[in-house]
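Residues per chain are reported as follows:
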Amino acid sequence: MFNYFSFSRQAFFRISDRIVLVILLASAGPSIIHAQEPTASRGRRVSSVGAEATVTVNEQFLNSFLDAIFDNLKEPSMPLTIGGASSTSECASEIRLKRESGGVRTQVHFENGHIVGPLAFAGAYNSTLMGCVEFSGWAESEVILEFDSARSAVIARFHLRDVHLNNTPAMLNSPLLNMVQGTIDRRYNPVELFTLEQLSTRANIQPAGGALRLQATDVRPEITPAGVTLHISYEFRRG
């Protein structure tokens, strides 16, 4: 249901790699000139200098990307498999992400250091006790970003808060919220967005007779009013 993050990262970082490369080479230049080390000494160095680069993605980019998903792909869906849910040919127990439901549109915005926004959906819940119950509505959602050192990756966790149903008994609010959040936690959370290796690259510097490996060593996500900012720490290594 939330694959738009993983879907975007390859195309996005092909562009950002070039931006990062320019920034890092510019910051490396003065340090190399200032050092003036003998050739033998330079050959033994593993890392010449460290630097930090930042990449920011704003609300407009993320919401335009969401629109592109609905315009070009199928509605993201996820099966409901807990709470006694079952699927048949007549009634599939699942939840589908919708562009809009009941006048509420799926979108994200940045608020007090958090990524939040309404998530419109529709689906069905099939059980032996209640039969096939179709539902639609929207949920208040939050996306939490963090760097997982064990995975060497930036991960996202999706948390749903209040569920608002359209023309569905209010008594289903709490069970549906627990069912959907439980399905996300079991099947989806956490989502690995990108690894340090994917943020690293190699710069071939012909005039210097070699290449530098731009090795990402850490990422600190920050949510600001302007967007999601990634503070990426790099080491420059021969290679």
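In this text, all values refer to a predicted model and were calculated from it rather than measured experimentally. (Residues numbered from 1 in each chain as written. Predicted model: local features only at pLDDT ≥ 70, side-chain atom pairs only at ≥ 80, totals over all residues. Heavy atoms only, no water.)

(A) Fine view of the environment of Arg 161. Here Arg 161 lies in strand β9 (residues 153–165). Of the residues examined, Arg 161 reaches a relative accessible area of 34% and is grouped as partly exposed. It is 5.3 Å that separates the C-alpha atoms of Arg 161 and Glu 140, two residues lying 21 residues apart in sequence. Ignoring any residue separated from it by four or fewer positions in sequence, one finds Arg 161 in contact with Val 116, Glu 140, Ser 141, Glu 142 and Leu 177. (Helix = DSSP H or I, 4+ residues; strand = E, 2+ residues; numbered from the N terminus. Buried < 20%, exposed > 50% of the residue type's maximum accessible area, 1.4 Å probe, protein only. Contact = heavy atoms within 4.5 Å.)

(B) Broad picture of the pattern of salt bridges. Overall, the coordinates contain twelve salt bridges when judged by the stated rule. The residue Glu 94 makes a salt bridge to Arg 96 at a minimum N-O spacing of 3.4 Å. Between Glu 197 and Arg 213 there is a salt bridge; the shortest N-O distance is 2.6 Å. Here Glu 197 is found in helix α5 (residues 196–199), whereas its partner Arg 213 is found in strand β12 (residues 210–224), with 16 residues between them in sequence. (Salt bridge = Lys/Arg side-chain N within 4 Å of Asp/Glu carboxyl O.)

(C) Representation of unusual backbone geometry within the structure. One non-glycine residue, Asn 112, lies in the positive phi region at around 50°. Here Asn 112 shows up in the loop between β6 (109–111) and β7 (114–127). Look at Ser 152: it is not a glycine, yet its phi comes out positive at around 55°. Structurally, the position occupied by Ser 152 is in the loop between β8 (131–148) and β9.

(D) Spatial organisation of helix α3 (residues 59–72). Counted at 1.5 Å a residue, the expected span for α3 with its 14 residues is 20 Å, and the 20 Å between its end C-alpha atoms agrees. Looking at α3, one finds that the buried residues are Leu 62, Asn 63, Phe 65, Leu 66, Ile 69 and Phe 70. Down the axis of α3, the buried side of the element spans an arc of 155°, and every buried residue falls inside it. α3 presents Gln 60, Asp 71 and Asn 72 as exposed residues on the side facing more than 90 degrees away from its buried surface. Where α3 begins, the side chain of Asn 58 points an oxygen toward the backbone nitrogen of Gln 60, at a separation of 3.3 Å. (Expected span 1.5 Å × (residues − 1). Arc of directions from axis to C-beta. Polar contact = N/O pair within 3.5 Å; in protein donor to acceptor, adjacent residues only side chain to side chain.)

(E) Summary view of the pairing of β7. Within β7, 13 of the 14 residues are buried, which leaves the element mostly enclosed by the surrounding structure. By the bridge criterion, four bridges tie strand β3 (residues 94–97) to β7 in an arrangement that is antiparallel. Paired with Arg 96 across the bridge in β7 is Ala 122. The sheet contact formed by β6 and β7 spans three bridges and is antiparallel. (Pairing = 2+ DSSP bridges.)

(F) Expanded view of the packing of aromatic side chains. Scanning all chains against the criterion turns up one aromatic pair. Between Phe 121 and Phe 135 the ring centres are 6.0 Å apart and the planes differ by 65°, which places this aromatic pair in the edge-to-face class. One end of the pair, Phe 121, is in strand β7; the other, Phe 135, is in strand β8, with 14 residues separating them in the sequence. Note on accessibility: Phe 121 and Phe 135 belong to one class, buried. (Phe/Tyr/Trp six-rings, centres within 6.5 Å; stacked < 30°, edge-to-face > 60°.)

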